[in-house]
Amino acid sequence: MNKFLKASLCTALVMCLPLSAQAHRAWLLPSATVLSSDDAWVSVDAAVSNDIFHADHAPMGVDGITITAPDGTSLTPQNSITGKFRSVFDVQLPQKGTYKIALASSGIMATWKTPEGERRMWPGRGEKANPADLEKNIPKDAKELQVSQFSRRMETFVTSGTPDDKVLKATKQGLELVPITHPNDLFAGEAAKFQFLIDGKPAEGVKVTVIPAGMRYRNSQAAIEVQTDKKGELSVTWPQAGMYWLSANYRDDKAKKPATSRSGSYAATFEVLPE
Amino acid sequence: MKKMVMRSRFFVSSFCAISLLGVSSVQAADLTVSVEIPSLTVAEYHTPYVSVWLENEKGESTTLAVWYQLEERGQKSEKGEEWLKDMRQWWRRIGRETDMPVDGVSGATRKPGKHELVFTEGKAPLGKLAKGNYVLLVEAAREVGGRELVKVPFTWPVAGEQSAKGSAELGEIKIIVNP
């Protein structure tokens, strides 16, 4: 098996594990988020590791990366490479405004036990499945059947010139963050407000963890833990300048049939600048 | 929003300049600012990018001067704009919404020493200033060096000398009363 295939398969496995088993954290790390050049570029690292922004475990597959330009058009990642511990790609920013770099997926998953008590799941690890095929893939004698609807999204934002908000509009699919404070206008000591939506509706009780970069050089996670309010909103005051990784998890039972539960995970990288 | 405020400020300033021509008895006041760039003993020195701007009580900003790299190998070049964002607060308040260069505001970087800048009320880039409280902000960012922001609060019209001192990238910033 060639290295690249191995790497992407490994990543696919990591990305498809159920939320509870997600020991490692996936992250995107842009080289800059605020740019003033007329020919602006950013380079983005993408990896999976325990220590945020320390590439020491596995590269992240970047095949599904979408880059949305300020006018809504899609851009292609350039000069992509996948190394031992991280993937890297460049993004050229030909327009002024805010860009969104994201990796999102959603789907349906079923788990059950056979009459003999063996655990089964559909789709299998790393497989892509069409929700319409759910019924024919579950045996009639399945016990303790649980069908869940899930969404995952990971993103970061960069701005050339004046920030704008066209790419910040919600897609209304899965768990997503709608910035109230612009994600490229974050400063140490200031509070930023964000709203979480689940399938386009305010998501209350989303568990959010915010971790500053540089984990290797301190003795604790230094995590800020918050939950969203009734309006799905939360506020974070950045203790110091630097890169931050925000991750959020949500679960409820308001799923679309045949699913009985829905869950969403979200992660974003933000840069906070000094005052 | 900020951009509109700035535009209207420019409009007001040019309007004022015209009306002043016909009223010789009105003496336009000057705002004189001294910016000190300290001389540093470092292995690799580059003259800093410096921005000078005013903020009124409503938080509206007016840029007075931006010194940055305007040329490359003797030719006019936009290459130096790449680092304008390193003057973080100026970039946030004004820079990112301004298409540089701006006549009468943009200038080449300056050597260490005290630099006196005179702005005339009613003329760009100062424009007309209402009586009230202002803050003069000077921000410096140096390649392979540091960044510093110095604030000098003052009242317009200027009654007494006001000054503040930077600690690393900027020396004394002074508002001088007209002689």
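As the structure is a prediction and not an experimental result, all values here were calculated from the model. (Residues numbered from 1 in each chain as written. Chains lettered and ligands numbered in written order. Predicted model: local features only at pLDDT ≥ 70, side-chain atom pairs only at ≥ 80, totals over all residues. Heavy atoms only, no water.)

This paragraph deals with the overall build of chain A. Looking only at helices and strands, one finds two helices and 19 strands in chain A. Here the contacts in chain A between residues at least 6 apart in sequence split such that 68% fall between residues at least 24 apart. On chain A, roughly 13,700 Å² of surface is accessible, and the fraction owed to carbon and sulfur atoms is 50%. (Helix = DSSP H or I, 4+ residues; strand = E, 2+ residues; numbered from the N terminus. Contact = heavy atoms within 4.5 Å. Areas by Shrake-Rupley, 256 points an atom, 1.4 Å probe, with all protein chains shown as cover.)

This next bit is on the overall build of chain B. A count of helical and extended segments in chain B gives two helices and 11 strands. Traced from its N-terminal end to its C-terminal end, chain B shows the element sequence α-β-β-β-β-β-α-β-β-β-β-β-β. For chain B, buried positions account for 43% of its 179 residues. Considering only intrachain contacts with a sequence separation of at least 6, the fraction spanning at least 24 residues in chain B is 64%. (Buried < 20%, exposed > 50% of the residue type's maximum accessible area, 1.4 Å probe, protein only.)

Another point: the confidence of the model for chain A. Chain-level statistics for chain A give a pLDDT mean of 90 and a share of 92% at 70 or above. Confidence drops under pLDDT 50 across residues 5-22 of chain A; counting only partners more than four residues distant or on other chains, this segment forms 23 contacts. (pLDDT = per-residue confidence, 0-100.)

Contacts between the two partners involve 13 residues from chain B and, on the opposite side, 15 residues from chain A. For the pair chain B and chain A, the two sides together bury roughly 1,300 Å², of which 46% comes from carbon and sulfur. It is Arg88, Arg92 and Arg96 of chain B that lose the most area in chain B upon contact with chain A, and together they represent 46% of the buried surface on that side. Viewed at the interface, chain A and chain B are joined by three salt bridges. (Buried area = accessible area lost by both parts, 1.4 Å probe. Salt bridge = Lys/Arg side-chain N within 4 Å of Asp/Glu carboxyl O.)

This part is about the environment of Ser220 of chain A. Of note, Ser220 of chain A is situated in the loop between β15 (207-212) and β16 (224-227). One polar contact links the side chain of Ser220 of chain A to the main-chain amide nitrogen of Ala222 of chain A, over a distance of 3.3 Å. (Polar contact = N/O pair within 3.5 Å; in protein donor to acceptor, adjacent residues only side chain to side chain.)

Okay, the sheet that holds strand β1 (residues 30-37) of chain B next. Residue and element names in this part refer to chain B. Sheet architecture is open: four strands sit in the order β7-β1-β11-β10, paired in antiparallel fashion. Because the sheet does not close on itself, it has two edges, and the strands there are β7 (113-120) and β10 (162-165). Pairs of neighbouring strands in the sheet enclose a mean axial angle of 15 degrees, with direction left out of account. Here β1 runs beside β7; their pairing, made up of eight bridges, is antiparallel. Opposite Thr32, over in β7, you have Val118 as the bridge partner. (Pairing = 2+ DSSP bridges. Axes fitted to C-alpha atoms, helices over the stretch in contact; angles between N-to-C directions.)

It is worth spelling out the side chain of Glu155 of chain A at this point. Residues and elements named next belong to chain A. Here Glu155 shows up in strand β11 (residues 143-160). A polar side-chain atom of Glu155 sits 3.0 Å from a polar atom in the side chain of Arg153. Once residues lying within four places of it in the same chain are set aside, the contact partners of Glu155 are Leu28, Lys100, Ile101, Ala102, Leu177, Tyr266, Ala267, Ala268 and Thr269.

On to the environment of Gly145 of chain B, then. Structurally, Gly145 of chain B can be placed in the loop between β8 (132-141) and β9 (147-156). The spatial distance from the C-alpha of Gly145 of chain B to the C-alpha of Pro48 of chain B is 8.5 Å, given a sequence separation of 97 residues.

It is worth spelling out the packing of aromatic side chains at this point. Residues and elements named next belong to chain A. Under the criterion given, the structure shown has nine aromatic pairs over all chains. Relative to Tyr266, the ring of Phe196 has its centre 5.5 Å away and its plane inclined at 85 degrees; by these criteria the two rings are edge-to-face. One end of the pair, Phe196, is in strand β13 (residues 191-198); the other, Tyr266, is in strand β19 (residues 261-272), with 70 residues separating them in the sequence. Aromatic ring contacts, followed pair by pair, group Phe157, Phe194, Trp238, Tyr244 and Phe270 into a single cluster. (Phe/Tyr/Trp six-rings, centres within 6.5 Å; stacked < 30°, edge-to-face > 60°.)

A word on the sheet that holds strand β3 (residues 61-67) of chain B. Across a sheet, strands are paired by hydrogen bonds formed along the backbone, either parallel or antiparallel in direction. All names here are of chain B. Taking strand neighbours across the sheet as the criterion, the five strands line up as β6-β3-β2-β8-β9 in an open arrangement whose pairing is mixed. The open sheet has two free edges, formed respectively by β6 (106-107) and β9, since each of these has just one partner strand. The pairing of β3 with β6 spans two bridges and is parallel. The residue of β6 that forms the bridge with Val66 is Ser106.

Glancing now at the nonpolar core. Counting residues in each nonpolar core, the largest one holds 32 residues, and the members touching the most others are Met60, Ile65 and Phe89 of chain A. If we skip the residues at most four places from it in the chain, Ile65 of chain A touches Leu28, Met60, Pro77, Phe89, Ile101, Ala102 and Leu103 of chain A. (Core = buried A, V, L, I, M, F, W, Y, C linked by side-chain atoms within 4.5 Å.)

Let us now look at the confidence of the model for chain B. Across chain B, the average pLDDT comes to 86, with 83% of residues at 70 or higher. Here residues 1-26 of chain B is a poorly scored stretch, pLDDT under 50, and it has 23 contacts once near neighbours within four places are set aside; other chains count.

A separate point is the environment of Phe89 of chain A. Residues and elements named next belong to chain A. Topologically, Phe89 is positioned in strand β8 (residues 87-93). Classification of Phe89 as buried rests on a relative accessible area of 0%. Phe89 sits 10 residues away from Asn79 along the chain, and the two C-alpha atoms are 5.5 Å apart. Non-local contacts of Phe89, meaning those with residues more than four positions away in its chain, are made with Val42, Ser43, Val44, Ala46, Val62, Ile65, Ile67, Pro77, Gln78, Asn79, Ser80 and Ile101.

The omega torsion across Trp122 of chain A and Pro123 of chain A is -5 degrees, close enough to zero to call that bond cis. Within the secondary structure layout, Pro123 of chain A lies in the loop between β10 (119-122) and α2 (134-137). Between Met100 of chain B and Pro101 of chain B the backbone carries a cis peptide bond, its omega angle lying at 0 degrees. Among the secondary structure elements, Pro101 of chain B is positioned in the loop between α2 (88-93) and β6. Residues other than glycine seldom take positive phi values, yet Asp199 of chain A does so here, at roughly 50 degrees. Following the sequence through the fold, Asp199 of chain A ends up in the loop between β13 and β14 (201-202). Accessibility expressed as a relative area gives 27% for Asp199 of chain A, which makes it partly exposed. With a phi close to 50 degrees, Arg73 of chain B is a non-glycine residue in the positive phi region.

Time to look at the side chain of Thr98 of chain A. Residues and elements named next belong to chain A. Along the polypeptide, Thr98 turns up in strand β9 (residues 97-113). Among the polar contacts made by the side chain of Thr98, one reaches the side chain of Thr159 at a distance of 2.8 Å. A distance of 3.1 Å separates the side chain of Thr98 from the side chain of His182, its partner in a polar contact. Sequence-distant contacts of Thr98, that is, excluding residues within four places in its chain, are made with Thr68, Ala69, Pro70, Phe157, Val158, Thr159, Pro163, Asp164, Val167, His182 and Asn184.

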